[in-house]
Amino acid sequence: MGIFNKKKNNIRRKELIFIWGMLALPLLQWLIFWLGINVNFIKLAFLDARTNAFTFSNFITFWNDLTTPDGSVKIALVNTLKYFAATMLLINPLSLGIAYFLYRKIRGYKVFRVIFYLPVIISAVVMVECYRGVIQPNGIVDMFLHMFGRSIPPEGWLANFDHATGAILFFVVWTGFGANVLLFMGAMVRVPAEMLEASRMDGCSAFREFFVMILPMIMPTISTLIIVSCTSIVATTGPILLFTNGGYNTTTISFWIFEKIYGGGVSGGLTSNYNIVSCTGLCFTLISLPVIFLIRFLMEKIPVVEY
Amino acid sequence: MFKKVFKKEEQTILMRRSKREKIVFGIVFTIFAFYAISLMLPFVFMIFNSLKGGEEYINDIAAGRTFFSPVKALFENYASAFQALKVTDFNGKEIYFPQMLFNSIWYTVLFVGAGVLASSMTAYVVAKYRFRGRRLIDGIAIFSMTIPIIGTTGSTLSMYNTLGIYNTPLLPVLVGFAGFGFNFLVLRGFFSNLPWSYAESVFVDGGGHLTVFFRIMMPQARPCLVTLFIMAFITTWNDYQTLLLYMPSYPTLSSGLYLVQRSLTRNPLEYPVYFAGLMVSVVPIVLVFSLFSDVIMSNFTVGGLKG
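Computed from a predicted structure; not experimentally measured. (Residues numbered from 1 in each chain as written. Chains lettered and ligands numbered in written order. Predicted model: local features only at pLDDT ≥ 70, side-chain atom pairs only at ≥ 80, totals over all residues.)

Asks: Is there a simple way to think about the overall build of chain B in this case?
Replies: For chain B, the count of helices and strands is 15 helices and two strands. The C-alpha radius of gyration computed for chain B amounts to 25 Å, which surpasses the reference 19 Å derived for 307 residues by more than 25%, pointing to a less compact arrangement than a globule. With respect to the three principal axes, the spread of C-alpha positions in chain B is 75 × 65 × 40 Å. Across the 307 residues that make up chain B, the buried fraction comes to 36%. Taking all contacts inside chain B whose residues are at least 6 apart in sequence as the whole, residues at least 24 apart take part in 72%. (Helix = DSSP H or I, 4+ residues; strand = E, 2+ residues; numbered from the N terminus. Rg over C-alpha atoms; globule rule 2.2 N^0.38 Å. Buried ≥ 20, exposed ≤ 12 C-beta atoms within 10 Å, placed from the backbone. Contact = placed C-beta atoms within 7 Å.)

See below:
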């Protein structure tokens, strides 16, 4: 009996060595590159840029910049909200719609599926350059607008304070469907066809079927994607660098941060910016966390259909 | 045989449409066609203008002829792209187009390879073994994926400097070796659905846990791993900001061509050659995508965040 127990312990020990052997390096990586960077990030927010002493002055600077009428942070915040709205109200619902028609095998769906995915596989550098060429004054869009007696201002939309953000937003929506469409389709394909067959026999219309059957069944995918897209809006700078480099009031929060660190933008970058950037980032993180949690909470309230 | 019949039925239910639906599908088809054309239009612009002479291109902009084919197709622009397009780094070293292409390849392969390896290790252990701390690790993964932390760029830069990996080829390996992100979530779901019975028989034959992992589980996960690899390959290949910020001496095609574009404002005559360079930069990614598009399109599904 004793020998048997010893053998069993030995087996378990081998198993544990394997488990932690597999986990050790990735965990160490996480400790340094996630936890370490974030702890350092919070620390930087409370340090003075010159003296490295503990201070709250970064927060005061942040507050002043946010409350000045034309402050760069305020412009960035307003623009970020516009991107948020575009993603929630246009990109996500439209992706769902596009995915549905592709799933129902609309004519030419195989070709559409690949073309709609192009913006994902082609570098933003290329797409932006193309779009810029299309919307330049005298370009193809301008010619089209001439038919309606309108025109693009001579300096172009992208060099115009009133239109630059709108033009970039349009680009973001125009190129924003690809990945989501693919994921929504992946979820729809898994909906059992017998169920659709049965409901159709009972006289359920296809569009009612979409709302009462397909939508509830792919809800886990939808909520995951909504949460991920919330996270990515505040975390990525999108194509602003490529379009205007932050000029013409086009900055967003994440772009403002990128520019402060990378430099070369409108206001240039310096090591001494690390503290104010970390502080601003920390404030916005604290603001956006409850929003993300609320969205997550609401999404989890929606009953999930198991199948 | 039976399976085939079943599949056919599945297609008909998705393709069966009532009269009213037929009208809706017709309208949506038209919209899809226009959208698809709009996504293809930029490439027409790119191809045409990459074959023009410098002065011809500038004249065409003024005359609104950017969507017209070149007077004479200058294919030598593509050769010039390889020879002339260059970036000068902060040490004054000149990096030419072929070097950028090479940088793109090794950076992407190292970064993505490390990531897929790390997450398959963590995901496998969490999916298949029971041990203390398992729930905590699961929580870490979901937590660090869904919490948007804004503005860690400064902290990241100082951390990379402290570790001495800033601007070195070690960076993609260490930073890429992340085991608790999106890949983890997908792979954990995949591994937990794999049967354990093969593993039991390996143990009976005296094989260890590593044998099971490498010989039994990884081969079965190949389609899933390939999909994740390709998806991450595309994003990383097209990423220019990370390279600009953390690897300034190793410009890839994406970050390098962005820098080329910034210098073009001083010399607009070189635009056609730059366009040719952009066209070349698209080729590898389109190649990779078309080789694996079936795997990607059929293997990509994401469920809920709750495990």
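Asks: Please clarify how the overall build of chain A should be interpreted in this entry.
Replies: Of the regular secondary structure elements, chain A holds 14 helices and zero strands. For chain A, the C-alpha radius of gyration of 25 Å lies well beyond 19 Å, the compact-globule estimate for 307 residues. Projected onto the principal axes, the alpha-carbon positions of chain A cover approximately 85 × 70 × 35 Å. Taken over 307 residues, chain A has a buried fraction of 38%. When contacts within chain A are restricted to residue pairs at least 6 apart in sequence, those whose partners lie at least 24 apart make up 63%.

Asks: How do you make sense of the packing of helix H3 (residues 72-103) of chain A against helix H13 (residues 253-262) of chain A when you look at a structure like this?
Replies: Helix-helix packing: each pair is described by the crossing angle between the helix axes and the interaxial distance. All names here are of chain A. Where H3 contacts H13, the axes come no closer than 7 Å and their chain directions differ by 135°. When the axis of H3 is compared with that of H13, the two are oblique. Contact residues: H3 offers Ser72, Val73, Ala76, Leu77 and Thr80, while H13 offers Ile253, Phe255 and Trp256. When its residues are assigned to classes, the contact of H3 with H13 shows six nonpolar, two polar and no charged. (Axes fitted to C-alpha atoms, helices over the stretch in contact; angles between N-to-C directions. Parallel < 35°, antiparallel > 145°, perpendicular 65-115°, else oblique. Nonpolar A, V, L, I, M, F, W, Y, C, P; charged D, E, K, R; others polar.)

Asks: Where do I start with the interface of chain B and chain A in this structure?
Replies: Interface size is commonly expressed as the accessible area that is lost once the parts come together. On the chain A side, the residues contacting the 73 residues of chain B number 84 residues. Ranked by the residues each element gives to the side of chain B that touches chain A, the list is headed by helix H2 (residues 19-50) of chain B, at 13 residues.

Asks: Would you mind showing me how to read the domain arrangement of chain A here?
Replies: Residues and elements named next belong to chain A. Parsing chain A into structural domains produces domain 1 (2-45) and domain 2 (59-301). A C-alpha centroid distance of 37 Å is found between domain 1 and domain 2. Taken together, the contact pairs four residues of domain 1 with five residues of domain 2. (Domains from an automatic or database assignment.)

Asks: Hey, could you run me through the nonpolar core in this one?
Replies: General note: in soluble globular proteins, nonpolar side chains tend to be found buried as a group. Residue and element names in this part refer to chain A. Counting residues in each nonpolar core, the largest one holds 144 residues, and the members touching the most others are Ala99, Val125, Val181, Phe184 and Met188. Each of domain 1 (2-45) and domain 2 (59-301) accounts for three or more of the residues forming this core. Those residues in contact with phenylalanine 184 that sit more than four places away from it in its chain are Ser95, Leu96, Ala99, Ile218 and Thr221. (Core = buried A, V, L, I, M, F, W, Y, C linked by C-beta atoms within 7 Å.)

Asks: Help me understand helix H7 (residues 153-163) of chain B, please; the structure alone is not making it clear to me.
Replies: For H7 of chain B, the full list of buried residues reads Thr153, Gly154, Ser155, Thr156, Met159 and Tyr160 of chain B. Immediately downstream of H7 of chain B, the backbone of glycine 164 of chain B shows phi near 75°, a positive value.

Asks: Quick question: what am I supposed to make of unusual backbone geometry here?
Replies: Excluding glycine, residues mostly carry a negative phi; peptide bonds, for their part, are mostly trans. Positive phi values are uncommon outside glycine, yet lysine 105 of chain A reaches one of about 55°. By the secondary structure assignment, lysine 105 of chain A is in the loop between H3 and helix H4 (109-121). Looking at lysine 105 of chain A, the number of C-beta atoms within 10 Å reads 14, which means it is partly exposed. Phi at asparagine 167 of chain B takes a positive value of approximately 60°, unusual for a residue other than glycine. Residue position: asparagine 167 of chain B is located in the loop between H7 and helix H8 (170-176).

Asks: Help me out: how do you make sense of the environment of leucine 182 of chain A in this one?
Replies: Residue and element names in this part refer to chain A. Along the chain, leucine 182 falls in helix H8 (residues 178-189). For leucine 182, a count of 22 C-beta atoms within 10 Å gives the class buried. For the pair formed by leucine 182 and leucine 102, sequence separation is 80 residues and the distance between their alpha carbons is 9.6 Å.

Asks: Sorry if this is basic, but what is going on with the environment of asparagine 160 of chain A here?
Replies: All names here are of chain A. As for its position among the elements, asparagine 160 is in the loop between helix H6 (140-146) and helix H7 (164-174). Overall, the presence of 17 C-beta atoms within 10 Å leaves asparagine 160 in the partly exposed class. Residues asparagine 160 and tyrosine 248, 88 residues apart in the sequence, show an inter-C-alpha distance of 6.2 Å. Residues within four places of asparagine 160 in sequence aside, it is in contact with Pro153, Glu155 and Tyr248.

Asks: I keep staring at the confidence of the model for chain B and nothing clicks. Help me out?
Replies: Parts of the model with low pLDDT should not have their predicted coordinates read in detail. Residues and elements named next belong to chain B. Considering every residue of chain B, the mean pLDDT works out to 85; 93% of them sit at 70 or more. Low pLDDT (under 50) marks residues 1-7, which in the prediction has zero contacts with non-local residues, meaning those over four places away or in another chain. The ipTM, which scores confidence in the relative placement of chains, is 0.84 for this predicted complex, and the corresponding pTM is 0.86. (pLDDT = per-residue confidence, 0-100.)

Asks: Is there a simple way to think about the packing of helix H2 (residues 57-67) of chain A against H3 of chain A in this case?
Replies: Residue and element names in this part refer to chain A. Put simply, H2 and H3 touch, their axes get as near as 6 Å, and they point 65° apart. In this view, H2 runs roughly perpendicular relative to H3, as classed from their interaxial angle. As H2 runs across H3, the sense of the crossing is right-handed. Residues Phe62, Asp65 and Leu66 of H2 touch H3, and the partners they reach there are Ser72, Val73 and Lys74. Per-class residue counts for the contact of H2 with H3 are three nonpolar, one polar and two charged. (Left-handed = near helix turned anticlockwise from the far one by under 90°.)

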